[in-house]
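One-letter residues, chain by chain:
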Amino acid sequence: MDYQKRIKKVKDLMKEDYIILGPGSNLFYLTGFTEEPMERPILLIIGENDYMLVPKMYEEQLSSLDLEIRTYQDGSDPYSLIDIKPGSSVAVDDSLWSIFLISIIHRFSPSRLTSASTILGKLRSVKDENEIQIMSEGLTIAENSFLKLLEKIKEGQTECEISKTLEVIFFEYGVSPSFSTILTSGPNTSMPHLRCTERKVKIGDPIIVDFGIKYKGYSTDTTRVLTIGRPSDEVKKIWAIVDQAVRLAEESWLGITGKEIDDRAREHIKKTGYGDLFIHRTGHGIGIDVHEEPYISQDNHTLIPKNSVFTIEPGIYIPGKFGIRIENMVLMRDRVTVLNKLSEEIYEI
């Protein structure tokens, strides 16, 4: 990754005097450095001078980074190494801990504070070819993991037992989940973001598996429907409606807005009489984070940029009975290209 080129793009777009980022996806995007937030400040400052402020223990670890590194020892004042002019305008990372933001406010009295995501979100929504390749490779691993899971599911297992089996398969591939797997069965599938429970899967149950992995810093996100035994006619009917909504949303082109893609899926579900049971947006951008720009939703009136990667995932949820959701990852070129190779069929166990 050409991190200096990315930092230059940020500087070309920034209206503030400084941008301050802490550990998280924006920092990874601009430096490739990953670390969990901690009580010691780890900050990337972009402005007249671009540098990272880190505890001394990271000096050797960051020695190959093409960026000035300013280090401090425990017990010293890290903020004395920051050269922000009092009264300047500052954009801060959305995930920056409040303790660090409070210290910056007290020390440098910025005239204006804004969110760094107004710049970083737009930049990150457009993927370069290297990012697209990484995400495609990760998606292949995730899909192969899912196919292996199908060989291990048995009637009488709990939802959480099956979910744990998938995580073990991820581990065998040398990857980790990009989010806590959503794996529900029977009436539990009518709750879109319910994680697993101790409910045992039964013959005739529809099962939703919403899964993803983290690969080389990038996320995947896919949802498929299974049944233990043959699916009921009602399950097949609802699945067919959702599958057609997916296909209509995927028949989109460059120059369309997030709302217009959402409309393509939503209007079809409305026409079938289930509009009130499609209770979330049609999709979301995906990259370093599982959820990022652009959003495929009713309130996104901006054009979907070329080379953005996002999900298409309409669903219908009948309370107390079951729900159906199908989710693909897609790439916007001149038209939408589906990245998934995994069939959308109902998988019968």
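The rules behind each value
Residues numbered from 1 in each chain as written. Predicted model: local features only at pLDDT ≥ 70, side-chain atom pairs only at ≥ 80, totals over all residues. Heavy atoms only, no water. Pairing = 2+ DSSP bridges. Helix = DSSP H or I, 4+ residues; strand = E, 2+ residues; numbered from the N terminus. Phe/Tyr/Trp six-rings, centres within 6.5 Å; stacked < 30°, edge-to-face > 60°. Buried < 20%, exposed > 50% of the residue type's maximum accessible area, 1.4 Å probe, protein only. Lys NZ or Arg CZ within 6 Å of the ring centre and 35° of its normal. Salt bridge = Lys/Arg side-chain N within 4 Å of Asp/Glu carboxyl O. Expected span 1.5 Å × (residues − 1). Bend = angle between axes of the 7 residues up to and from the residue. 1 Å grid on protein atoms, 1.4 Å probe; cavity = no way out; pocket = protein on both sides within 12 Å on 5 of 7 lines; lining within 4 Å. Points joined across faces, edges and corners; volume = space filled by probe spheres on them. Nonpolar A, V, L, I, M, F, W, Y, C, P; charged D, E, K, R; others polar.

**Student:** How should the sheet that holds strand β12 (residues 222–227) be read in this particular structure?
**Tutor:** Whether parallel or antiparallel, the strands of a sheet pair through hydrogen bonds between backbone atoms. Strand order in this open sheet of four strands is β8-β9-β12-β20, and the pairing throughout is mixed. In this open sheet, the two edge strands, each paired with only one partner strand, are β8 (182–185) and β20 (347–348). As judged from the six bridges shared by strand β9 (residues 206–211) and β12, these two strands associate in the antiparallel manner. Each bridged residue has a counterpart across the sheet, and for Val209 the counterpart in β12 is Arg224.

**Student:** Would you explain the packing of aromatic side chains in this entry?
**Tutor:** To describe a pair of aromatic rings, you give the distance between the ring centres and the angle between the ring planes. Taken as a whole, this structure holds five aromatic pairs when the rule is applied. Measuring from centroid to centroid gives 6.0 Å for Trp97 and Phe100, while their planes differ by 5 degrees, and the two rings are stacked. A residue is classified by how much of its surface remains accessible, and Trp97, at 37% relative accessible area, is partly exposed. A relative accessible area of 6% means that Phe100 is categorised as buried. The ring of Tyr51 carries the charged tip of Arg70 above its face, separated from the ring centre by 3.6 Å. Geometry around Phe278 places Arg266 over its ring, the cationic atom sitting 4.0 Å from the centre.

**Student:** I tried to follow the pattern of salt bridges on my own but got confused; where do I start?
**Tutor:** As a working rule, side chains carrying opposite charge can pair if their charged atoms are close by. As enumerated under the stated definition, the model contains 28 salt bridges in all. Its salt-bridge partner being Arg40, residue Glu39 comes within 3.8 Å of it at the nearest N-O pair. On the accessibility criterion, Glu39 (59% relative accessible area) is exposed. Among the salt bridges present, the one from Asp263 reaches Lys259, with a minimum N-O distance of 2.9 Å. Within this pair, Asp263 and its partner Lys259 are both found in helix α8 (residues 258–271), separated by four residues, close to a single helical turn. Counted as one network, the salt bridges with shared partners bring together Arg124, Lys127, Asp289 and Glu292.

**Student:** Just checking my understanding: could you explain α8 for this structure?
**Tutor:** Since there are 3.6 residues in each turn of an α-helix, residues three or four apart along the chain are aligned in direction. Here α8 spans 20 Å end to end across 14 residues, near enough to the 20 Å set by a 1.5 Å rise per residue. Within α8, the axis deviates most sharply at Arg264, by approximately 25 degrees. Buried within α8 are the following residues: Gly258, Ile261, Asp262, Asp263, Ala265, Arg266, His268 and Ile269. Following α8 by one or two positions, Gly273 adopts a phi angle in the positive range, close to 95 degrees.

**Student:** Would you take a moment to explain unusual backbone geometry for this structure?
**Tutor:** Keep in mind that most residues, glycine aside, have a negative phi and that most peptide bonds are trans. The peptide bond linking Glu293 to Pro294 adopts the cis configuration, its omega dihedral lying at 0 degrees. Tracing the backbone shows Pro294 in strand β14 (residues 292–296). Backbone geometry at Asn307 places phi at a positive 70 degrees, although glycine is not the residue there. With respect to the helices and strands, the residue Asn307 is situated in the loop between β14 and β15 (309–312).

**Student:** Looking at this structure, how should I read the layout of surface pockets?
**Tutor:** Any empty space left between atoms is shown by rolling a water-sized probe over those atoms. Of the volumes computed, that of the largest pocket is approximately 440 Å³. Along the walls of the largest pocket sit 24 residues, with Gly24, Ser25, Asn26, Arg124 and Asp289 positioned nearest its centre. Breaking the lining of the largest pocket down by element, the ones donating at least two residues are α2 (25–31), α4 (117–125) and β14. Ranked by residues supplied to the lining of the largest pocket, first place goes to α4 with five residues. Tallied by class, residues from the lining of the largest pocket come to five nonpolar, ten polar and nine charged. Looking at the second largest pocket, its volume works out to about 250 Å³. Around the second largest pocket, the lining is made up of 16 residues, and of these His193, Asp210, His284, His291 and Glu313 lie nearest the centre.

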